[in-house]
Amino acid sequence: MNKRNHTPRRKFRSKLTYHIMMMPGMVFLLIFSYIPMAGIIMAFQNYIPAKGLLHSKFVGLKHFKYMLTLPDITQVVVNTVTIALGKILLGTIMAIAFAILLNEIRIKVLKKWIQTIVYLPHFLSWVVLAAVIVNMFNLDGSVNLIITSLGLEKINFLGSNKWFQPLLVTTDVWKEFGYNSIVYLAAITSIDPGLHEAAAIDGAAWRKRIWHITLPGMLPIILLMAAMSLTSILSAGFDQIYNLYTPMVYQSGDVLDTYVYRIGLIGRQYSFATAVGLLKSFIGMVLMLSANGFSKKFTDRKIF
Amino acid sequence: MRKDYLFKRIAITLSAVMILSLAGCSGNNAKSNADSSTAKNDGKTAGVTQEAQTADGPFGAYPEEITYTLGRQTIQNPKLPDGDTYENNAYTRYVKDRLNAVAVDAFEANGEDYDRQVSLAIASEDLPDIMKIGSKDILDELVENDMVEDLTDVYNTYASDYLKEIYDSYDGRSLSTATYDEKIMALPGTNVDSAPNEVWVRQDWLDKLGLKVDEDGNGMITVDELKNIAETFMEKDPGSSKNPVGISLAYWLSSNDYGGSTYCATGIANALGAYPKLWLKNTDGSVYYGSNTEENKKTLGVLADWFKEGILDPQFGTRTWDDITALLTNGQTGITFGVWHIPDWLLNNVRAMDKNATFSTYVIEGENGKANVFHNNASSGYIVVRKGYKHPELAVKISNLFYDELANTKTLEKDYPEVAKYQADGVDGSTRPFNVEINKYTSLLDDYSDIKKGVDGEIAIEDARTLESRNVIQNVKRYLENTATDDVTDWSKYHSRMKGIELIDKLTRENSFNWVEPVFWGTTETMKSNWANLQKLEEETFIKIVTGSVPLNDFDKYVKDWNDQGGSQIISEIEATIK
């Protein structure tokens, strides 16, 4: 520590430019992220828009209790967690595998083309993709044409409680794995190529190098991404499900967000919807913090 | 994950915008405060002389100019001519000219925003002098809090004979919705019956296959006849689609309003004596929910059998509205359900795709040999007057002008050429001071009788009472001269009137309707929290029964669950309300 240059005031002055540069972002964060948090009060009120936050009646934990008494809540939570976990697990594995394989391609042009093609679906909205998926998977769709040509019975994927969840998970993974692999590609490129060279000289085969060099090198990023995705364990993807589901598959496809949307919209129960949102965020936060704790305990690396 | 973050950001941004826009709204409100206070002052200065002037009859003008503030429900594109606004247009000038009353808009808003403005006005206890409100729930709230004027006396004194005739034509079903302790607290907009849920069948296909339908010519076909048509269409595929579908229904299966019954099995249910999604009364006075009856179980049984036999669309439950429309326009199905006016906005798409397409329409006959139908909610929207407004009779007088004088005058073009031009140019009705309709219960058939007479040459086109009828007569005449016409509008008007309303007219003439009267249209306290959930239970169970994934007898378990999850509570609340 150099005392001359680092008295607090000097330290501040020397960094002043940076602080000023950061200000707009902080103001933005304050206005758009922190101030609206006052709306959380709604979760504990019988909020009526005309009366506003200040004059609506305070009801304590009523909405949280009400949520627990809803007859379908267990099924909805189970659906949410199952679908979300499926997407996180399969999505992460696919993204990592794809990143590793893509990294092995030596022809630059081909690599760029493949990357562009797999990123593309990420930028399409679910409203559009849902139409495509419905057309492919309905009884007259191309998938069922293939199934019947193999001499099998037609499957109503969009109306079957057995097939609806797998359909949600696979289509979501298909849409997002390319885009999600970007961060893993970056992680791979940050691994010292010297390690690979040394291993190659020592006679390690491709598979061995992946296992002993690439994957351990990616581990911090994988952990980080996994911990971050835990926050979304109670969000199974509203836009996708909303555009694909019908009452026929409520049993397997109705998740917290769609359920709250229907109940909140029809009954205009703003407070109830806020309460559910708050609980979701709270659980997400707890999960992320504990993931951080585990990470420190077992890998001796903190995520943040 | 990343996507989720973005989503949250957007949500937060949106809520911030909402807060800002709410602030903006209260800004508007401040302005309207100023407006209404000037209005109040005007009222005071004029008030002294006005007291003596109240005995001046239904169309009497005020000797000194008065102003009234309005809540205006607008639409995006009202087709107002340049320079005219909601506040100052041919209609408001017409009121000024006839009554010497000037409109000042307290607030204007579109659709749902309007309801929010009304809520704000109620919360801040600052109502415009006169406004339209959308729902019975709001009227209840206003009456409970004593915020609106009792209109009983002004209605009795000032309503023109014709206006009273209009309300009387509903046998009190409309006014009673605005009546509390025998006091009329609002002028309800009326809503004519649009029953029945008609079956529309491709007549060109029937002709092609030589199939005879409704041989006794009473306008009614039985459930079995309907099934038979569907089977034949499936077998012969007259649309050459290679993939015919017998009957395709929307998964919500029924509607509590005939206007919303397109692609619904409401007609089949009614024929079997079921009135799903409606609140009805037993002879002993107890209330029941129409979806939960034995008759409705029977309806679901029929549909489940059809599904098993393949007559009902195998993709029932996952087909969207657009999917079903596509089945019709592709020529995969030739049978559908809906109210009389669907040729105007839905079946016209079929004709646009297939130049040979024509439809016939029937109602499904009940076992009693009648067409079972229910009354729509007779009221749609309400006009209320602020408690303490000096001229509550103005609301009635303006209604007289628009729903009596304008509806009946033959000399509009001479007296008020500006207003006549508005009507000819199709300027939207929301530009009138009150955005509601007050029509005779029989207006649908009255207009039709003009149209029919006009088409048959019994009256001259100019003698038809409304401009719309005059236009329709021309459409129909053109269609009849050349039924192979390329003009889809002519085709539509012919089908909606000469088929759709003709059927209603015929069934009314032949006394074939069996009317049922639902007893409740509002929202109870328990419904606010439990209704969405009960609806989910109903929809989900019914789809499962129809598609056979649960047996029909699960219906009984559903009824029990429905009652346990708040249904019986709602029923007792309704019974308490209507007692």
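Residue positions are given per chain, counting from 1 as you read along its sequence in written order. As they are written, the chains are lettered A onward and the ligands numbered 1 onward, keeping that order. Selection of residues for local features in this predicted model requires a pLDDT of at least 70, selection of side-chain atom pairs for listing and counting requires 80 or more, and totals for whole chains, interfaces and linings are taken over all residues.

Re the overall build of chain B
To keep it simple, the criterion reads: Each helix is a run of DSSP H or I of at least 4 residues and each strand a run of E of at least 2, with the numbering of both proceeding from the N terminus. What the globule rule says is 2.2 Å times the number of residues to the power 0.38, and the radius of gyration is computed from C-alpha atoms. Put simply, a residue is buried when 20 or more other C-beta atoms lie within 10 Å of its own C-beta and exposed when 12 or fewer do; between those, it is partly exposed, and each C-beta is set from the backbone. Throughout, a residue-residue contact means that the two C-beta atoms, derived from backbone geometry, are no farther apart than 7 Å.
Scanning chain B for helices and strands turns up 20 helices and 15 strands. What you see for chain B is a C-alpha radius of gyration of 26 Å, in line with the 25 Å of a compact globule of 579 residues. Once the C-alpha set of chain B is aligned to its principal axes, its extents read approximately 80 × 60 × 60 Å. The proportion of buried residues among the 579 residues of chain B is 44%. Contacts in chain B between residues at least 24 apart in sequence constitute 75% of all its contacts with a sequence separation of at least 6.

Topic: the domain arrangement of chain A
Residue and element names in this part refer to chain A. For the record, the criterion: What fixes the domain bounds is an automatic or database domain assignment. Put simply, Ala, Val, Leu, Ile, Met, Phe, Trp, Tyr, Cys and Pro go in the nonpolar bin, Asp, Glu, Lys and Arg in the charged bin, and everything else, Gly too, in the polar bin.
Taken domain by domain, chain A holds domain 1 (8-58) and domain 2 (62-299). Using C-alpha coordinates to define each centre, domain 1 is positioned 31 Å away from domain 2. Contact residues are listed per partner, giving seven residues for domain 1 and six residues for domain 2. Classifying every residue of the side of domain 1 that touches domain 2 gives four nonpolar, three polar and no charged.

Topic: the domain arrangement of chain B
According to the domain assignment, chain B consists of domain 1 (34-191 + 379-431) and domain 2 (198-374 + 489-578). Between domain 1 of chain B and domain 2 of chain B, the C-alpha centre-to-centre distance is 38 Å.

Concerning the environment of Tyr270 of chain A
Residues and elements named next belong to chain A. Mapped onto the secondary structure, Tyr270 falls in helix H15 (residues 270-299). It is 39 Å that separates the C-alpha atoms of Tyr270 and Tyr184, two residues lying 86 residues apart in sequence. In this structure, Tyr270 is in contact with Met42, Tyr47 and Gly264, ignoring residues within four places of it in sequence.

Focus: unusual backbone geometry
A cis amide bond links Ala195 of chain B with the next residue in sequence, Pro196 of chain B, at an omega value of 0°. Looking at the element boundaries, Pro196 of chain B is found in the loop between strand S6 (187-190) and strand S7 (198-202).

So, the interface of chain B and chain A
With 28 residues of chain B at the contact, the number on the chain A side is 30 residues. Sorting the residues of the side of chain B that touches chain A by element identifies helix H1 (2-50), helix H3 (111-123) and helix H19 (525-546) of chain B as the ones contributing at least two each. For the side of chain B that touches chain A, the leading source of residues is H19 of chain B, giving nine residues. Looking at the side of chain B that touches chain A, its residues break down into eleven nonpolar, eleven polar and six charged.

Observations concerning the sheet that holds strand S2 (residues 101-110) of chain B
Residues and elements named next belong to chain B. Heads up, the condition is: By definition, two strands form a pair when at least two bridges between them are found by DSSP. Only the stretch in contact is used when fitting a helix axis, every axis being a line fitted to C-alpha atoms; angles between N-to-C directions are given from 0 to 180 degrees.
The five strands are arranged S2-S1-S3-S14-S6 in an open sheet whose pairing can be described as mixed. The strands lining the two open edges of the sheet, one partner per strand, are S2 and S6. Sheet twist, expressed as the mean angle between neighbouring strand axes with direction ignored, is 25°. Pairing of strand S1 (residues 66-74) with strand S3 (residues 130-133), which is carried by two bridges, proceeds in the parallel orientation.

Quick word on the environment of Gly159 of chain A
With respect to the helices and strands, Gly159 of chain A occurs in the loop between helix H8 (142-149) and helix H9 (164-189). Overall, Gly159 of chain A belongs to the buried group, with 26 C-beta atoms counted inside 10 Å. Expressed as a C-alpha distance, the spacing of Gly159 of chain A and Tyr245 of chain A, which sit 86 residues apart in the sequence, is 8.2 Å. Leaving out residues up to four positions away in the same chain, Gly159 of chain A has contacts with Thr246, Met248 and Val249 of chain A together with Gln315, Gly317 and Thr318 of chain B.

Brief notes about the UniProt feature "domain: EF-hand" (unreviewed entry) in chain B
Note the following rule: UniProt positions are given in the numbering used here, feature names are shortened, and annotations may be inferred rather than shown by experiment.
The UniProt feature table records "domain: EF-hand" (unreviewed entry) at residues 212-236 of chain B. Taken end to end, residues 212-236 of chain B comprises 56% helix and 8% strand; its first and last C-alpha atoms sit 15 Å apart.

Observations regarding the nonpolar core
Inclusion rule: Remark: nonpolar core denotes a set of buried Ala, Val, Leu, Ile, Met, Phe, Trp, Tyr and Cys residues whose joining runs through C-beta atoms within 7 Å.
Of all hydrophobic cores here, the largest spans 122 residues; its most connected members are Val199, Leu249, Leu303, Leu312, Val363, Ile364 and Val546 of chain B. Here the element with the most residues in this core is H9 of chain A; it accounts for eight residues. For Val546 of chain B, the contacting residues outside a window of four places in its chain are Leu300, Leu303, Ala304, Phe307 and Phe316 of chain B. Counting 60 residues, the second-largest nonpolar core is a separate cluster that includes Ile184, Leu187, Val192 and Val396 of chain B.

Here we look at the sheet that holds S7 of chain B
All names here are of chain B. Spatially, S8-S12-S7-S11 is the arrangement adopted by the four strands of the open sheet, whose pairing is mixed. Since the sheet does not close on itself, it has two edges, and those belong to strand S8 (220-221) and strand S11 (335-338), each with one partner. Both S7 and S11 contribute to a ladder of four bridges, which runs antiparallel. Within the sheet, the bridge partner assigned to Trp200 lies in S11 and is Thr336.

Details of helix H10 (residues 294-309) of chain B
Put simply, the test is: To estimate how far a helix should extend, the number of its residues minus one is multiplied by 1.5 Å.
Across its 16 residues, H10 of chain B extends 23 Å between first and last C-alpha, which sits within 8% of the 22 Å expected from 1.5 Å per residue. Of the residues flanking the end of H10 of chain B, it is Gly310 of chain B, one or two places downstream, whose phi is positive at about 85°.

Side note on the packing of helix H5 (residues 73-104) of chain A against helix H11 (residues 206-230) of chain A
All names here are of chain A. Cut-off, in case you're wondering: Take the far helix as your reference; a near helix turned counterclockwise from it by less than a right angle gives a left-handed crossing, and one turned clockwise gives a right-handed crossing.
Taken N-terminus to C-terminus, the directions of H5 and H11 make an angle of 145°; their axes are 11 Å apart at the nearest point. The chirality of how H5 crosses H11 is right-handed. In contact with Ile88, Thr92, Ile96 and Ile100 of H5, H11 contributes Ile210, Thr214, Ile222, Met225, Ala226 and Ser229. Partitioned by chemical class, the residues of the contact of H5 with H11 number seven nonpolar, three polar and no charged.

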